[in-house]
Amino acid sequence: MIGLSVISLTNAQVGQLAAQFLLAGAGTLSFAILFACPKRTLPCCALVGAVGWLVYEFLVLCGWEAFAASLLAVIPLTLLARLCAIFLKCPVTVFLLSGIFPLVPGAGIYYTAYYFIQGDNALALSNGISTFKIAVALAIGIALVLGLPLPRFSKK
(Lines give C-alpha, C1' and ligand atoms only; values in the text may rest on other atoms or scores of the structure.)
Protein backbone atom coordinates (compact mmCIF):
# COMPACT_ATOMS: atom_id res chain seq x y z
CA MET A 1 0.00 0.00 0.00
CA ILE A 2 1.44 3.35 -1.03
CA GLY A 3 1.09 6.36 1.19
CA LEU A 4 0.53 7.70 4.63
CA SER A 5 -2.75 8.64 6.15
CA VAL A 6 -3.32 12.26 7.02
CA ILE A 7 -3.49 11.33 10.69
CA SER A 8 0.07 9.96 10.75
CA LEU A 9 1.69 13.26 9.75
CA THR A 10 3.88 14.70 12.46
CA ASN A 11 3.73 18.32 13.56
CA ALA A 12 7.04 18.93 11.80
CA GLN A 13 5.67 17.54 8.55
CA VAL A 14 2.52 19.65 8.80
CA GLY A 15 4.65 22.71 9.51
CA GLN A 16 6.86 21.89 6.55
CA LEU A 17 3.80 21.54 4.29
CA ALA A 18 2.45 24.89 5.53
CA ALA A 19 5.79 26.57 4.85
CA GLN A 20 5.96 24.96 1.39
CA PHE A 21 2.42 26.23 0.69
CA LEU A 22 3.35 29.81 1.59
CA LEU A 23 6.65 29.73 -0.30
CA ALA A 24 5.03 28.24 -3.41
CA GLY A 25 2.40 30.97 -3.26
CA ALA A 26 5.09 33.64 -2.99
CA GLY A 27 7.05 32.15 -5.89
CA THR A 28 3.94 31.90 -8.03
CA LEU A 29 2.96 35.46 -7.14
CA SER A 30 6.41 36.67 -8.18
CA PHE A 31 6.12 34.81 -11.46
CA ALA A 32 2.64 36.30 -12.07
CA ILE A 33 4.00 39.80 -11.43
CA LEU A 34 6.90 39.13 -13.79
CA PHE A 35 4.44 38.09 -16.51
CA ALA A 36 2.37 41.24 -15.88
CA CYS A 37 -0.83 39.44 -14.91
CA PRO A 38 -3.65 41.85 -14.03
CA LYS A 39 -3.42 43.04 -10.44
CA ARG A 40 -6.87 41.77 -9.52
CA THR A 41 -5.83 38.22 -10.50
CA LEU A 42 -2.62 38.07 -8.45
CA PRO A 43 -4.09 36.55 -5.26
CA CYS A 44 -5.78 33.79 -7.27
CA CYS A 45 -2.59 33.15 -9.24
CA ALA A 46 -0.70 32.68 -5.98
CA LEU A 47 -3.43 30.41 -4.60
CA VAL A 48 -3.44 28.20 -7.72
CA GLY A 49 0.32 27.65 -7.57
CA ALA A 50 0.32 27.08 -3.81
CA VAL A 51 -2.47 24.49 -3.99
CA GLY A 52 -0.75 22.60 -6.79
CA TRP A 53 2.55 22.51 -4.91
CA LEU A 54 0.86 21.50 -1.65
CA VAL A 55 -0.79 18.51 -3.33
CA TYR A 56 2.51 17.57 -4.99
CA GLU A 57 4.51 17.79 -1.76
CA PHE A 58 1.89 15.84 0.17
CA LEU A 59 1.94 13.03 -2.40
CA VAL A 60 5.74 12.93 -2.46
CA LEU A 61 5.69 12.81 1.34
CA CYS A 62 3.32 9.84 1.06
CA GLY A 63 5.83 8.02 -1.14
CA TRP A 64 4.45 8.64 -4.64
CA GLU A 65 6.81 8.89 -7.62
CA ALA A 66 7.45 12.42 -8.94
CA PHE A 67 5.61 11.89 -12.23
CA ALA A 68 2.52 10.44 -10.53
CA ALA A 69 2.52 13.19 -7.92
CA SER A 70 2.84 15.78 -10.71
CA LEU A 71 -0.11 14.28 -12.58
CA LEU A 72 -2.32 14.22 -9.50
CA ALA A 73 -1.21 17.71 -8.42
CA VAL A 74 -1.90 19.38 -11.76
CA ILE A 75 -5.52 18.20 -11.79
CA PRO A 76 -6.74 20.30 -8.81
CA LEU A 77 -4.43 23.10 -9.96
CA THR A 78 -6.10 23.21 -13.37
CA LEU A 79 -9.57 22.92 -11.87
CA LEU A 80 -8.85 25.85 -9.58
CA ALA A 81 -7.41 27.83 -12.50
CA ARG A 82 -10.60 27.24 -14.47
CA LEU A 83 -12.76 28.32 -11.53
CA CYS A 84 -10.71 31.48 -11.02
CA ALA A 85 -10.96 32.23 -14.73
CA ILE A 86 -14.74 31.92 -14.60
CA PHE A 87 -15.19 34.01 -11.46
CA LEU A 88 -12.74 36.74 -12.47
CA LYS A 89 -13.68 36.63 -16.17
CA CYS A 90 -10.10 36.19 -17.38
CA PRO A 91 -8.45 33.65 -19.66
CA VAL A 92 -7.52 30.43 -17.88
CA THR A 93 -3.93 30.80 -19.10
CA VAL A 94 -3.44 33.73 -16.72
CA PHE A 95 -3.83 31.36 -13.78
CA LEU A 96 -2.53 28.19 -15.39
CA LEU A 97 0.82 29.50 -16.63
CA SER A 98 1.73 31.18 -13.39
CA GLY A 99 0.23 28.39 -11.27
CA ILE A 100 2.13 25.58 -12.94
CA PHE A 101 5.45 27.32 -12.32
CA PRO A 102 6.32 25.37 -9.12
CA LEU A 103 5.64 22.02 -10.79
CA VAL A 104 7.75 22.50 -13.92
CA PRO A 105 10.84 20.26 -13.69
CA GLY A 106 13.41 23.00 -14.30
CA ALA A 107 16.11 21.36 -12.21
CA GLY A 108 15.66 18.11 -14.14
CA ILE A 109 16.11 19.93 -17.44
CA TYR A 110 19.19 21.70 -16.11
CA TYR A 111 20.83 18.54 -14.78
CA THR A 112 20.03 16.63 -17.97
CA ALA A 113 21.88 19.25 -20.00
CA TYR A 114 24.66 19.46 -17.41
CA TYR A 115 25.37 15.73 -17.38
CA PHE A 116 25.19 15.62 -21.16
CA ILE A 117 27.76 18.40 -21.48
CA GLN A 118 29.95 16.71 -18.87
CA GLY A 119 29.91 13.52 -20.96
CA ASP A 120 27.99 11.41 -18.45
CA ASN A 121 25.44 10.12 -20.95
CA ALA A 122 23.95 7.47 -18.65
CA LEU A 123 23.10 10.02 -15.97
CA ALA A 124 21.89 12.49 -18.60
CA LEU A 125 19.57 9.85 -20.05
CA SER A 126 18.28 8.87 -16.61
CA ASN A 127 17.54 12.50 -15.69
CA GLY A 128 16.10 13.19 -19.14
CA ILE A 129 13.65 10.30 -18.96
CA SER A 130 12.51 11.30 -15.47
CA THR A 131 12.07 14.92 -16.55
CA PHE A 132 10.21 13.87 -19.69
CA LYS A 133 7.81 11.71 -17.66
CA ILE A 134 7.03 14.67 -15.38
CA ALA A 135 6.48 17.01 -18.34
CA VAL A 136 4.17 14.52 -20.05
CA ALA A 137 2.26 13.97 -16.79
CA LEU A 138 1.72 17.73 -16.48
CA ALA A 139 0.50 17.97 -20.08
CA ILE A 140 -1.86 15.01 -19.67
CA GLY A 141 -3.30 16.38 -16.43
CA ILE A 142 -3.92 19.80 -17.96
CA ALA A 143 -5.48 18.27 -21.08
CA LEU A 144 -7.77 16.05 -19.01
CA VAL A 145 -9.18 18.96 -17.03
CA LEU A 146 -9.35 21.46 -19.89
CA GLY A 147 -11.16 18.83 -21.95
CA LEU A 148 -14.07 18.83 -19.50
CA PRO A 149 -17.02 20.87 -20.74
CA LEU A 150 -17.82 24.10 -18.95
CA PRO A 151 -21.20 24.38 -17.24
CA ARG A 152 -23.68 26.57 -19.08
CA PHE A 153 -25.18 29.41 -17.11
CA SER A 154 -28.29 31.04 -18.49
CA LYS A 155 -28.61 34.80 -18.20
CA LYS A 156 -32.06 35.80 -17.07
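Residues numbered from 1 in each chain as written. Predicted model: local features only at pLDDT ≥ 70, side-chain atom pairs only at ≥ 80, totals over all residues. Heavy atoms only, no water.

## A closer look at the overall build of the protein
A count of helices and strands for the protein gives six helices and zero strands. Shown N-terminal to C-terminal, the secondary structure of the protein runs as helices and strands in the order α-α-α-α-α-α. Within the span of the protein, comprising 156 residues, buried residues form 34% of the whole. By sequence separation, contacts in the protein at least 24 residues apart represent 68% of the contacts at least 6 residues apart. A total of about 9,600 Å² of accessible surface is found on the protein, and carbon and sulfur atoms cover 73% of it. (Helix = DSSP H or I, 4+ residues; strand = E, 2+ residues; numbered from the N terminus. Buried < 20%, exposed > 50% of the residue type's maximum accessible area, 1.4 Å probe, protein only. Contact = heavy atoms within 4.5 Å. Areas by Shrake-Rupley, 256 points an atom, 1.4 Å probe, with all protein chains shown as cover.)

## A few points about the environment of Leu138
Tracing the sequence through the fold places Leu138 in helix H6 (residues 121-146). Along the sequence, Leu138 and Ala69 sit 69 residues apart, while their C-alpha atoms lie 9.7 Å from each other. Those residues in contact with Leu138, other than ones at most four positions away along the chain, are Ser70, Val74, Ile100, Leu103, Val104 and Pro105.

## Re the side chain of Ser98
Position of Ser98 among the secondary structure elements: in helix H4 (residues 92-99). A distance of 3.0 Å separates the side chain of Ser98 from the backbone oxygen of Val94, its partner in a polar contact. (Polar contact = N/O pair within 3.5 Å; in protein donor to acceptor, adjacent residues only side chain to side chain.)

## Focus on the side chain of Thr112
Here Thr112 is to be found in helix H5 (residues 106-118). In this structure the side chain of Thr112 is engaged in a polar contact, spanning 2.7 Å, whose partner is the backbone oxygen of Gly108.

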